[in-house]
Amino acid sequence: MSSNTSNYNNLPLLFGIFNLIIKRSITIFGDGGHNLKSLKFNNLIVFLLIFVLFISSNTVLNANESTQSMQSKTYTDHIIFTVGSKEIYHNKQQYLANNPITIRQGVTYIPLRVLAERLGLSVSYDNQTKVAKISNEEIELRFQVNRAQYQVNNQGITSTHGIPFIENQTMMIPLRTFVTHFNMRVHPELKQNFVHLYWSTKPVANFSVQPATIYAGQTRVTYIDEYKHPQNFGIVDEVWEGKQEVFAAPGTYTVTRRVKDQNGIWSDPFKVKVNVLPEPQPPVAKFSTDKDQYLIGEPIIYTDLSYDDEDDIVKRAWTNKEPAFFSAGKQEIVLEVVDQHGLKSTYTKKIVIKEEVLYTSEEFYPLFIPVGQKYLIAGQNIISYPIINYEIENEEHTLYHSNSPESIRQEGIYYRGVVQGNGRVMLHKQNNRKNPVNIYIVATNIYDEPVEIKIPHIGMAGPHEWVTTTGKLALARYFDTFAKPNQKSVILEPGERKVILPEVSQKRILERQTLSVYADLTTSLPLQIETVVLDRGKDLFEHLPLLPDLPRDGIHTRGTFLYGNRSIRIGEMVGDDAKRIVFGDRYEDKPVAGIDQMTGEYVLNRGNFGVLYQLKLERVAPESIILVNGRGGYYSGAFLVNNEVVMVTAGSHLLNSNEAAVLYRTGEEEEIVDIVFKPASGSNLPINIVIQPLPEKRH
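On a predicted model such as this, the values are computed, not experimentally measured, just so you know.

Visitor: Please give an account of the overall build of the chain that cites residues and values.
Guide: Along the chain, the regular secondary structure elements total 10 helices and 48 strands. Within the chain, contacts between residues separated by at least 24 positions form 71% of all contacts whose residues are at least 6 apart in sequence.

Shown next, in the form of C-alpha cells:
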C-alpha cells in the first residue's frame, strides 16, 4: 500500500482522538455552561490544526513519491540543469553550456545548442534571418528570435511557454516548448535550483530485404541489418515475425522486427512488405506474316506476337528475316526471344516463294527499305553519275576544332583558342592512357567586364569503344536540340576561369574509349577556351597552371576557323535522273582555312569536320529517293532532313562504297528538301549524296 493511501486510512484515528477529547472535557466540566462551549471551540481549533497538518504531510509525501517514482522508472537518459549555472550533467557526465539556464517570468529557458547536441540533433543558425534549425531524420524544428511562432516539419505552431531570445550570443528557448516534441519528462526541484529531464532513447530496428525481385519457391531472401541507435548501443535480443528464407507461395508478406538494446529498451516494430512474385515462366516467341505465299521480290510484313509473363523480353534474334526473297522455293524464318532471367523460346515459320517475279532486288530496296537503313548497291556505278555543281556561301560561325592530337597519351592542354559571338566547340578524343581521364572545356574571361555564354545546342556521345558510334550519336543528339534549344547560360566575371560544359568533364574515359562533343555557343565578348585532359581524381585548377601545351599529331585537325557554317542552294530540278553531290573531297568541297591559335600556324580543316552544312534542294522530282554513299570507307553519321533526324545507319554504319543509306523519298509531287549535316567525327570521307528516280511500283 502506498504512503498516500495509508495517510487517508488514518483519518478515522484522528476523528477518534477528537471524540475522546470531547468526552473527557464533558466529564471534567459538566454538560453545560460557558466553559464547555469554550472547550468545544478550542477542540475544534485543535482538530482543524491536526487536519491541516495531515494534508500538508500528505502533499510532501506526494512530492517525495513523485521524485522517487521519476527516478525509479527505466530511462536511458537523465539531464540535470542548475538554474543560473552553465553546468549541466547528462548521465552524470558534466558539460558546459554557452549561457546559464535562466528563469524569466516563471519560464525556464535553456541554451538551444547544448540540449540539441545531447539528443544527437544537428544544429544550424542563420545570422541574417535569426532562425535556428535543429533536426534529425524524423523531425525538424525552426525557432526564430523574438517570435512565439516556430515550425515543426514546416508546420507553424505558436508557443505558449515563452519566446526565444539571444543572450551572450546564445539562443535561449523555452524548455517546455522544446521537450514537447521529444517525449521528455520534466521534473523541477526549484528549491534546490535543479531541473531534471528524463527520456528514453529507443533503438531503431531497421532492415531491408534483397533482392528487389523475389520469386516464390525460388529466390533466397537476404535480410540486411540496418539497425540504428542514437547512442550506438548494441543489440542484446531481437524478435522476428514473418521472416522466411524462401517464400513458398506468391503474395504480399509482412516481415516485422523488434530489437532490445543494452539498456533493456525495446524498439518499436519495424515492418517491411515483401512482394513475392509467381515463379517466372519462359517467354513465348511468336510472329506472323501477312501471307503464307509470296512472289519473288514481294514485300513481307512481319508482326511480332511474342510475350512474356513479366513483359520483359530483353533480346530478339531473327534468322532469315528478309524484307523479301529473290529466289523461288521454301523459306524458314526463326525468332528466338530471351527474357531477363535468360529463359528462351523459339518460334519457326515456313513460307513459300513462287516463281513469278514482282520486283528484282535492284528495284525492291529503293522502294521499300526504311529511311535510315542501308542496302547493297553497285558502288562503281555511283561515281559514273553526273556531279551537281554548287556554290558555297560561307557564314561566320567560329569553329573551335579540338581533334588533334586525337589520341590521349599524356595530361596537358590539347588546344587553346578564342571564340567571339556565334561559335561552336567540336571535340573528338580517344584515351590511350592506362589511367582513366577526364576532359575539361575551360573558359576564361579575358576582358574587364562580365561575359555571358549561352549554349543552345549540345550533343555528346561516349565514352565508347566504337569510334564511329560516338560520332554518329553525338551528331544525332546535337540535332535533337534544334527542335527545343537549351536555355542554358553561364556568366563569367572579369578574369574568371570556369568549366563551361560540366556534362563533358563528368565522363570518366577509360583506355581505348572515345568521347565526341558538338556544342554551339554565343558569347557577348571574346572568350578564351581550352581543352584540358587530366587523370581522373585530380583537381583541375590545382594542376592546370602546371600542364604543358601539347603539339598537334600531324594527322588530325586542330584550329580556330572563322567560317564554321556553309549554305548551299541547288535550284535545278533533281531526281528525274541519277545525280550526285560530293562533300569532303577537298576538290568540289574545298577545306575551310583557319589558325592554330596555340602556335599561330595556318591550318586547313581537311574534310571540314565540325562544319555545319545547310543544303537546300529547291526542286526535287516526284517519286525520287535521296541516298548517302560513303566513298572513303566506314561512315556513320546523322542528318537532319526536313527537321527529322536520320541516323546513318540505324543500328549499324556504311561499311564501304557498295552500301547506301536512305535519307528521304518524295511523294507524288515535287518537293523542297532541306538537309542539315556535319561530316561525322570518326568516319571517313568523302561522301556522296545521290538523288535518283524510284523504280515503278507494281501491284
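Visitor: Lay out a nonpolar patch on the surface in plain terms, naming residues and giving numbers.
Guide: A cluster of nonpolar residues, Val418, Ile446 and Tyr447, forms a patch on the protein surface that exposes about 240 Å² of accessible area. On the basis of relative accessibility, which here comes to 31%, the residue valine 418 falls in the partly exposed class.

Visitor: Explain the pairing of strand β2 (residues 87–90) residue by residue, including any values.
Guide: Side chains Ile88 and His90 of β2 all project onto a buried face; the interleaved residues Glu87 and Tyr89 project onto a face where none is buried. Of the strand pairs in this sheet, strand β1 (residues 77–82) and β2 are connected by three bridges, and their pairing is antiparallel. The partner of isoleucine 79 across the bridge, within β2, is histidine 90. Pairing between β2 and strand β3 (residues 93–96): four bridges, direction antiparallel. What sits directly across from histidine 90, in β3, is glutamine 93. Linking β2 to β3, which pair antiparallel, is a turn of two residues; within it asparagine 91 sits at a positive phi near 50 degrees.

Visitor: Before we move on, can you summarise helix α6 (residues 361–368) with the specific residues and values?
Guide: For α6, the full list of buried residues reads Phe364, Tyr365, Pro366 and Leu367. Looking at the packing, one finds that the buried side of α6 touches β27 (374–376), β43 (624–630) and β46 (659–665).

Visitor: Any details on the packing of aromatic side chains? Residues and values, ideally.
Guide: Overall, the coordinates contain 28 aromatic pairs when judged by the stated rule. When the ring of phenylalanine 326 is compared with that of tyrosine 365, the centres are 5.8 Å apart and the planes differ by 50 degrees; the resulting orientation is tilted. Placement of phenylalanine 326 in the loop between β24 (313–319) and β25 (329–339) and of tyrosine 365 in helix α6 is noted, with a sequence separation of 39 residues between them. Overall, phenylalanine 326 belongs to the partly exposed group, its relative accessible area being 30%. Residue tyrosine 365 is classed as buried on the basis of its relative accessible area, which comes to 19%. Where phenylalanine 479 meets phenylalanine 482, the ring centres are 5.5 Å apart and the plane angle is 75 degrees; that geometry is what we call edge-to-face. Residue classification places phenylalanine 482 among the partly exposed residues on the basis of a relative accessible area of 27%. Among the aromatic residues, ring-to-ring pairing joins Phe326, Tyr359, Phe364, Tyr365, Phe368 and Tyr375 into one connected group. Looking at arginine 118, its charged tip hangs above the ring of tyrosine 95, at a distance of 3.8 Å from the centre.

Visitor: Which residues make up the nonpolar core, and what are the values?
Guide: With 48 residues, the main nonpolar core has Phe583, Leu617 and Phe639 as its most contacted residues. Not counting the four nearest positions on each side in its chain, phenylalanine 639 is found in contact with Phe479, Val628, Glu644, Val645, Val646, Val648, Leu663, Ile675, Val676, Phe677, Ile687 and Ile689. The next biggest cluster of nonpolar side chains, apart from the first, holds 40 residues, and it includes Ile441, Ile455, Leu492 and Met598.

What counts and how
Residues numbered from 1 in each chain as written. Predicted model: local features only at pLDDT ≥ 70, side-chain atom pairs only at ≥ 80, totals over all residues. Heavy atoms only, no water. Helix = DSSP H or I, 4+ residues; strand = E, 2+ residues; numbered from the N terminus. Contact = heavy atoms within 4.5 Å. Patch = residues over 30% accessible without salt bridge, like charges linked within 9 Å, V, L, I, M, F, W, Y side chains within 5 Å. Areas by Shrake-Rupley, 256 points an atom, 1.4 Å probe, with all protein chains shown as cover. Salt bridge = Lys/Arg side-chain N within 4 Å of Asp/Glu carboxyl O. Buried < 20%, exposed > 50% of the residue type's maximum accessible area, 1.4 Å probe, protein only. Pairing = 2+ DSSP bridges. Phe/Tyr/Trp six-rings, centres within 6.5 Å; stacked < 30°, edge-to-face > 60°. Lys NZ or Arg CZ within 6 Å of the ring centre and 35° of its normal. Core = buried A, V, L, I, M, F, W, Y, C linked by side-chain atoms within 4.5 Å.

Honestly, that's just the spatial picture; any functional story needs more than this.
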